[in-house]
Amino acid sequence: MSISTSVLTALLQVLPHLRPQLYFKASLTALSHAMEDQVLAATLEKPLVIASFQRERFYRQEAHRYRRLAQRSNQVYVLSAPETDFSHSSEYYETIAFEPDDALAQEWHLVVIAQNYATCLVCRESLGSIAKNKQQTHITPSMDTDTARRFEGIWTAERGVSLKAADLLLERILWYRPELSAKIEEARQRFGIDRPRKDVEINHHSEFACNIDTDPFVQRLVTYLQASQYKLHKAYRSISAQARKERLVNSISSAIRRSLNPQEILQVAAQELGQNLEACRCLIYRTQATDTQAIIEQEFVIPGVLSLSGQAWQLANNPLFQDVVNTGEGVCISDTLNDSRISKSKTLWYPIEKFGIRSWLIEPVLCQGRLLGIIELHYCSDKPHEWQAGELDLVKAIATSIGAALIQAEAYANLEKLNQQLEALDQTRSNLIAITGHELRTPLSTIQVCLESLSTEPDMPPELKEIMLSTALTDSERMRKLIQDFLTLSNLESGRVEWHPESLHLQECIDLALSRVRARSGAEKLPNISAEISPHIPLIRADGDWLVEVLAKLVDNACKFTPSAGAITINADHNGKQMVEVSVVDTGRGIEPNRLEAVFDLFYQEEGALRRTTGGTGLGLAISRQIVNNWGGKIWAESAGKNQGSQFYFTIPMVVGEKEGKRE
Ligand code: ADP
């Protein structure tokens, strides 16, 4: 036998009936401690104890126990490969510093032998486990590789096996420390440990009956096993918390992938987060750093807890919200009854009491430092909620996902709006092409034909000459009007118009508009126009020129679409509102109900641009809407349908402080 012989191998050779088993390091530690405790429990009479540690550092952790063990027996032997100052010594008990290349360096042994009790643990570390550990350490350095170490060997209370194990170890001790031969011999004598004999055959059934109290052993063993079970349980808990977090983040991410609708995404997030963290309430709302209040858009709430959905949530004077805005970090309050920020702020008391918030988390939803919204979790029970790091991490992770989703949805909405604008522009462009084709090209060619005829046929009779000239003039006037309207509209739309609001009498503006319409119509017979504005209509505030423009356009249209036998009535009403409502009512051809909005579109003409009969441009109502919107008013049309007449209405603000009937 040499130092390269494994004790386990030697034991198995002599006792081939033994079946080695696999042990994790934690089990060996538990077993060894329990075996040592059995000695310390003083039920054994001066036992022989042999412990072999793989390395000095493992022995160091146990050194204090061995000093106590040595008080119970003078036959205590400790073997270990030295690392710093472990050496042969007989100070407290016998220590044997074996060579680092001794097979013992891979093994873990503990043998306890008394007159009426024997037990042994003979194990060898499985090399696969060492190699694997090294690999794992490389990949995940934080992992506790020690717990994954595995051993194979024998643990038994068979006396015969224990004696043989003691025999093999004593032999190894003697090899290193021959001076101990007398002491070792004494142990052999006392416990009946045979000298090594090749032919020895140990009957493993012939052990002594164990008649000592093994309770301390069992109790300690159970305690150690419980401890490792607890560790395992904790590990499982943290794994399942991690898995839960991943599931939650995944379900929210998939909601984000599925939908570009922020409401839907926020709804899923509020629901999942509230449910997973077992909160009483989870709120998610969009807000900006400067907002004074927010409307609660999405909420998860458990039954029996007051809902906040759709309510206005005060942010002004809320120090917690201000904290979140200033730091960009969440605020987490375990107990609202015990928080200095809350006890100092009166404004916070109202929501806390009304909505029973005992524990409160406010987490910002940020994107590139910009506040997009807030996630709030409320716990409303009697006991404050102790926030766990895992929960806070989870809320943060969700806030990040929501931030990304909101930005994505915002970008998409902008894109959609842009698309609509582009579509509208495209439509305008097509309309423009059609109208230019007709409105500009047709009069232009008429003008061209007239002028050509005039210049090439000098003998043309004077009456025909007159007709030619007047046709050319009428058509050039129509072109001028179209270009004029087009420029006006483009100026209004692009905001290049200067406004001069003033206090005005409505009647005066109507009179001006009517005289303009009459001047334009010339000899043409107009329907009967009446405009009797009550003297009680208050002063209005608007830009006079533009107001006259709107009135003239509406009256012009009414004249255009009403036969001369019909009637046009202009009226005004204010009904105690802040706006004066003006109506232009005709008895003409009317408007189909489904076209009442379309008439305000650019270039809208019922006949279509190419079948125009009344000489308009299709821009008049679009221009009027731009003007009215500018002073904060509204313009709309009503009609009972074809040939039922039309009513156009628009509103103008009253002069502030103006009382009914008061005149300047
Ligand atoms: P236009 O220069 O063609 O009159 P507007 O923008 O003023 O352009 O009007 C657009 C269209 O709305 C008209 O072509 C007509 O079809 C309809 N419309 C406007 N006013 C009336 C009205 N008083 N009665 C019937 N239809 C009207």
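Since the model is a prediction, treat every value here as computed from it, not as a measurement.

Asks: Whenever I open this one, unusual backbone geometry confuses me. Can you help?
Replies: Leave glycine aside and you will find that most residues have negative phi; peptide bonds, for their part, are mostly trans. Despite not being glycine, K46 shows a phi value in the positive range, around 35 degrees. Here K46 is to be found in the loop between α2 (25-40) and β2 (48-55). Backbone geometry at N317 places phi at a positive 60 degrees, although glycine is not the residue there. Of the residues examined, N317 reaches a relative accessible area of 59% and is grouped as exposed.

Asks: What should I look at first to understand the site of the ligand in this one?
Replies: Within the structure, the ligand sits among 20 residues, and N557, K560, Q605, T617 and L621 are positioned closest to it. Within the side chain of N557, an N or O atom sits 2.7 Å from an oxygen atom of the ligand. Within the complex, 98% of the 530 Å² of free accessible area of the ligand lies under protein. Where the shell around the ligand is concerned, the elements lending two or more residues are α15 (544-560), α16 (620-630) and β21 (646-653).

Asks: Hey, could you run me through a nonpolar patch on the surface in this one?
Replies: Taken together, the side chains of L232, Y236 and I239 present a nonpolar region at the surface, about 330 Å² in accessible area. Residue I239 is classed as exposed on the basis of its relative accessible area of 53%.

Asks: Would you mind showing me how to read the environment of V39 here?
Replies: In this structure, V39 sits in helix α2. Counting along the chain gives 30 residues from V39 to L69, while the straight-line C-alpha distance between them is 7.0 Å. Other than its neighbours up to four places away in sequence, V39 contacts L44, P47, V49, L69, R72 and V112.

Asks: Please clarify how the sheet that holds strand β14 (residues 370-379) should be interpreted in this entry.
Replies: By definition, the strands of a sheet pair up through backbone hydrogen bonds, in either a parallel or an antiparallel sense. If you trace the five strands from one edge of the open sheet to the other, you get β10-β8-β14-β13-β12, paired in antiparallel fashion. Each edge of the open sheet carries a strand with a single partner, namely β10 (298-301) and β12 (331-333). Averaged over all pairs of adjacent strands, the angle between their axes in this sheet comes to 10 degrees, without regard to strand direction. With three bridges connecting them, β12 and strand β13 (residues 359-367) associate as antiparallel partners. Among the inter-strand pairings, V331 is bridged to a residue of β13, identified as I362. Sheet strands touched by helix α8 (residues 262-276): β8 (281-286), β10 and β14. Its angle to β10, the strand with the most contacts, is close to 20 degrees.

Asks: What am I meant to see in the packing of aromatic side chains here?
Replies: What characterises a pair of aromatic rings is the spacing of the ring centres plus the angle enclosed by the ring planes. Going through the model one piece at a time under the given rule, you end up with 13 aromatic pairs. Here W108 and F151 contribute two aromatic rings whose centre-to-centre distance is 5.6 Å and whose plane-to-plane angle is 80 degrees, an arrangement assigned as edge-to-face. Here the residue W108 occupies a position in strand β5 (residues 107-114), and F151 occupies one in strand β7 (residues 150-156), the gap between them amounting to 43 residues. Considered together, W108 and F151 belong to a single accessibility category, that of buried residues. With a centroid separation of 5.0 Å and an interplanar angle of 80 degrees, the aromatic rings of W175 and Y176 are classed as edge-to-face. Linked through ring pairs, F53, Y59, Y66, F86, Y92 and Y93 together constitute an aromatic cluster.

About the cut-offs
- Residues numbered from 1 in each chain as written.
- Predicted model: local features only at pLDDT ≥ 70, side-chain atom pairs only at ≥ 80, totals over all residues.
- Heavy atoms only, no water.
- Helix = DSSP H or I, 4+ residues; strand = E, 2+ residues; numbered from the N terminus.
- Buried < 20%, exposed > 50% of the residue type's maximum accessible area, 1.4 Å probe, protein only.
- Near = heavy atom within 4 Å.
- Polar contact = N/O pair within 3.5 Å; in protein donor to acceptor, adjacent residues only side chain to side chain.
- Areas by Shrake-Rupley, 256 points an atom, 1.4 Å probe, with all protein chains shown as cover.
- Patch = residues over 30% accessible without salt bridge, like charges linked within 9 Å, V, L, I, M, F, W, Y side chains within 5 Å.
- Salt bridge = Lys/Arg side-chain N within 4 Å of Asp/Glu carboxyl O.
- Contact = heavy atoms within 4.5 Å.
- Pairing = 2+ DSSP bridges.
- Axes fitted to C-alpha atoms, helices over the stretch in contact; angles between N-to-C directions.
- Phe/Tyr/Trp six-rings, centres within 6.5 Å; stacked < 30°, edge-to-face > 60°.

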